[in-house]
Amino acid sequence: MSNYTLSNFRHLASSSIEDLKKISFPDVDVLIQSEDIRVRLTNIEKAIALKTSELLKTALILKDANGELLKLETQVIGFDGKSVNTKTGLKVPIVCVYSIDFY
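Note that the structure is a prediction, hence the values are computed from the model and not measured.

### Here we look at the packing of aromatic side chains
Scanning all chains against the criterion turns up zero aromatic pairs. If you follow Lys-46 out to its NZ or CZ, it ends over the ring of Phe-102, 4.5 Å from the centre.

In structure tokens:
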């Protein structure tokens, strides 16, 4: 039986681009379940489709090398298989994307 827990990340404070550039991200995937990885890819595609929406915001929930969760509010403009490309110009390694939140 899975120990999956649904989490709400809206309470996390947003991290700045400058702070994220200083953070070390893991080399291995922060997700271990194949279903979680599939959902992450689906949500990346959804974020790209909603990038011009004025009604919804997108937040990438990232996990750094120390296991700390960080939130980046941004528009996702693309995905190249290894990185998520954001409107701010930051390329986020997919292996550190823990979740994607829409609100």
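Further notes follow.
### Some thoughts on the sheet that holds strand E6 (residues 97-102)
Taken together, the three strands give an open sheet; going across it, the order is E2-E1-E6, and neighbouring strands pair in antiparallel fashion. Lying at the two open borders of the sheet, with one neighbouring strand each, are strand E2 (69-73) and E6. This sheet shows a mean twist of 25° between the axes of neighbouring strands, independent of strand direction. Across five bridges, the pairing between strand E1 (residues 58-63) and E6 is antiparallel. What sits directly across from Ile-61, in E6, is Ser-99.

### Looking at helix H2 (residues 34-49)
In this model, H2 (16 residues) spans 23 Å end to end at C-alpha, consistent with the 22 Å of a helix rising 1.5 Å per residue. Against E1, strand E3 (76-79), strand E4 (83-86) and E6 lie the buried residues of H2.

### Some thoughts on the environment of Glu-18
Among the secondary structure elements, Glu-18 is positioned in helix H1 (residues 17-21). What makes Glu-18 exposed here is its relative accessible area of 53%. Distance from Glu-18 to Ile-32, taken between C-alpha atoms, is 29 Å for residues 14 residues apart in sequence.

### Overview of the nonpolar core
By size, the foremost hydrophobic cluster in this structure holds 17 residues, and its most contacted members are Leu-60, Leu-62, Leu-72, Val-84 and Val-92. Considering each element in turn, this core owes the most residues, three residues, to E6. Sequence-distant contacts of Leu-60, that is, excluding residues within four places in its chain, are made with Leu-70, Lys-71, Leu-72, Thr-74, Val-76, Val-84, Thr-86, Val-92, Ser-99 and Ile-100.

### A look at the side chain of Asn-43
With respect to the element layout, Asn-43 can be found in helix H2. Of the residues examined, Asn-43 reaches a relative accessible area of 19% and is grouped as buried.

### Digging into the sheet that holds strand E5 (residues 91-93)
The strand order across the open sheet formed by three strands is E3-E4-E5, and the pairing between neighbours is antiparallel. The open sheet has two free edges, formed respectively by E3 and E5, since each of these has just one partner strand. Ignoring which end each strand starts from, the neighbouring axes of this sheet average 30° apart. Strand direction decides the pairing type here: E4 and E5, joined by three bridges, are antiparallel. Directly across from Val-84, in E5, lies its bridge partner Val-92.

How each quantity is defined
Residues numbered from 1 in each chain as written. Predicted model: local features only at pLDDT ≥ 70, side-chain atom pairs only at ≥ 80, totals over all residues. Heavy atoms only, no water. Phe/Tyr/Trp six-rings, centres within 6.5 Å; stacked < 30°, edge-to-face > 60°. Lys NZ or Arg CZ within 6 Å of the ring centre and 35° of its normal. Pairing = 2+ DSSP bridges. Helix = DSSP H or I, 4+ residues; strand = E, 2+ residues; numbered from the N terminus. Axes fitted to C-alpha atoms, helices over the stretch in contact; angles between N-to-C directions. Expected span 1.5 Å × (residues − 1). Contact = heavy atoms within 4.5 Å. Buried < 20%, exposed > 50% of the residue type's maximum accessible area, 1.4 Å probe, protein only. Core = buried A, V, L, I, M, F, W, Y, C linked by side-chain atoms within 4.5 Å.

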